[in-house]
Amino acid sequence: MDVETLEQKHGDYFVPAFVVKVGGEDLVRDLYLTVASVSVDLKEKAAGRFSIQVTNAFDWEDREFVAGSREERIELLDLFRLGATVEIKLGYGEPARLETVIEGTVSELSTGFSAGSAPALDISGYDALFALSIGKVTDYLENAPDSAYVARIAARHGLSFDGPDTTPEKSRIEQNEETDLAFLEKLAERNSATFYVTGRTLYFGPRHQDEEAGIALPWGGGLTAFSPEINLANQIAAVEVVGTSATTGEQIVGRAEHGAEEGRDAGDESGPERLAQALGAAPVLRVRSGVHTQEEADARALAILRERAQKFLTGSADCIGLPELRPDMNVAFEGLGKGFSKTYWISSAVHDMSGSGFKTTLNVEEPSI
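Please read these numbers as outputs of a predicted model, since none were measured by experiment.

Asks: For unusual backbone geometry, give the residues involved together with the corresponding values.
Replies: Looking along the chain, the bond that leaves threonine 167 and enters proline 168 is cis, with omega of 0°. With respect to the helices, strands and loops of the structure, proline 168 is situated in the loop between strand 12 (160-162) and strand 13 (170-178). Phi is positive for arginine 63, close to 55°, though the residue is something other than glycine. Overall, the relative accessible area of 53% leaves arginine 63 in the exposed class.

Asks: Provide a residue-level description of the sheet that holds strand 12, including the pertinent values.
Replies: Taken together, the three strands give an open sheet; going across it, the order is 12-15-14, and neighbouring strands pair in mixed fashion. If you trace the sheet from one side to the other, it starts and ends with strand 12 and strand 14 (194-198), each paired once. Going across the sheet, the axis of each strand differs from the next one's by a mean of 25°, ignoring polarity. With five bridges joining them, strand 14 and strand 15 (residues 201-205) adopt antiparallel strand pairing. Following the sheet pairing, valine 197 is matched in strand 15 by leucine 202.

Asks: So what about the sheet that holds strand 5 (residues 58-59)? Which residues, and what values?
Replies: Strand pairing in a sheet takes place through backbone hydrogen bonds and is either antiparallel or parallel in direction. Across the sheet, which stays open at both edges, the three strands sit in the order 5-6-7 with antiparallel pairing between neighbours. Across the chains shown, the open sheet's two edge strands, defined by having one partner strand only, are strand 5 and strand 7 (74-75). Two elements, strand 5 and strand 6 (residues 64-67), share two bridges in a ladder whose sense is antiparallel. Looking at the pairing, phenylalanine 58 lines up with phenylalanine 65 of strand 6.

Asks: Can you tell me about the pairing of strand 9 (residues 99-111), naming the residues and giving the values?
Replies: For strand 8 (residues 85-92) and strand 9, the ladder comprises six bridges, and the chain directions are antiparallel. Looking across to strand 9, one finds that valine 86 is bridged to glycine 104. Remark: six residues form the turn of the hairpin made by strand 8 and strand 9, two consecutive strands paired antiparallel; glycine 93 in that turn has positive phi of roughly 85°.

Asks: So, the packing of aromatic side chains: which residues are in play, and what are the values?
Replies: For the coordinates displayed, the defined rule picks out eleven aromatic pairs. Taken together, a centroid distance of 5.2 Å and an interplanar angle of 70° make the contact between tyrosine 149 and phenylalanine 183 edge-to-face. Within this pair, whereas tyrosine 149 is found in helix 3 (residues 146-156), its partner phenylalanine 183 is found in helix 4 (residues 180-190), the two being separated by 34 residues in sequence. Taken as a pair, tyrosine 149 and phenylalanine 183 share a single burial class, namely buried. Feature note: the residues Phe58, Trp60, Phe65 and Phe113 constitute an aromatic cluster, connected by ring pairs. Of note, arginine 172 hangs over the ring of tyrosine 140, and the distance from its end group to the ring centre comes to 4.0 Å. Between arginine 207 and the ring centre of tryptophan 345, over which it is positioned, the NZ or CZ distance is 5.3 Å.

Asks: Which residues make up the pattern of salt bridges, and what are the values?
Replies: According to the stated counting rule, one finds 25 salt bridges in the structure shown. Close ionic contact of glutamate 99 with lysine 9 constitutes a salt bridge, the shortest N to O distance being 2.8 Å. Remark: lysine 9 occurs in helix 1 (residues 3-9) and glutamate 99 occurs in strand 9; sequence separation between them is 90 residues. The partly exposed category is assigned to glutamate 99, whose relative accessible area is 26%. Accessibility expressed as a relative area gives 33% for lysine 9, which makes it partly exposed. A salt bridge links glutamate 262 to arginine 306, with the shortest nitrogen-to-oxygen separation between them at 3.5 Å.

Rules behind the numbers
- Residues numbered from 1 in each chain as written.
- Predicted model: local features only at pLDDT ≥ 70, side-chain atom pairs only at ≥ 80, totals over all residues.
- Heavy atoms only, no water.
- Helix = DSSP H or I, 4+ residues; strand = E, 2+ residues; numbered from the N terminus.
- Buried < 20%, exposed > 50% of the residue type's maximum accessible area, 1.4 Å probe, protein only.
- Pairing = 2+ DSSP bridges.
- Axes fitted to C-alpha atoms, helices over the stretch in contact; angles between N-to-C directions.
- Phe/Tyr/Trp six-rings, centres within 6.5 Å; stacked < 30°, edge-to-face > 60°.
- Lys NZ or Arg CZ within 6 Å of the ring centre and 35° of its normal.
- Salt bridge = Lys/Arg side-chain N within 4 Å of Asp/Glu carboxyl O.

Have a look at this one:
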């Protein structure tokens, strides 16, 4: 989607708008509250976070946080209770045209009382991944792929599962006194996968790095700032993973070499390739891991190589507020010269709506240049 199409879709960005519903109540249109700011922070492999500030919530006569008329008033500390459901939509124009960017629950509530000013309420919380960080679990699954265990975690928290089957099938997948989120991170690491929640669906699978850019932003025409950095420090040309065979007890070695990176642009060179050129050699990272088959060892080596390569070119960007931008999608930056005008993969997106307008900040990654 190019910048002209986006302008038409969002009415030339003239009227930034939002809808914040807490417990099903629209704070602005149902309760006539003043929402001074809304922020949504979305990351891969982490719970999405939101924060809302309400500024006209204190009744000076009754000394309470309330909304509505005296006949039908609502106690806001009850409405914003911990665990209350939240839905936030952002965009431009009429409420019906706005896109849902996060659904979650309230986990924090704060305020401040000082002389000469009215206290505001700050409401914060997380999406459905937050529940996976609470409590420790001991469980196991035999003769199944890791994706089957991820589906079990999703079901434990009332989430649907989205993602391809992983390989290879494991003889035993064991979770021992760990939070579901921490164990999910381990499974993602050994499968070179990412994960995140959209609504009530948990995605676990490959990054969508090889897809075409969903949005193209030229510098000065939607993209307002970009700070890229190229760094060889954490690159490696090859990876060897050493384990012990479950059948013979002998040592097994999995290997992955530069050239197997994901998401690289045609004609560009990856971080591992650039490192080999710079040193005139191909440095190998050798690690010991709890793998028991050759297939597992090779997959683990490839996962490490790809994870390192992904951090070769990173950057932070500011652009016009676009609710479509989310982690695990691609965005094209244009007008930045030959080296930096390319397609980037989004690892995080922060959407901020306030009196200053609507802005989106991105963290992006790219394995080649």
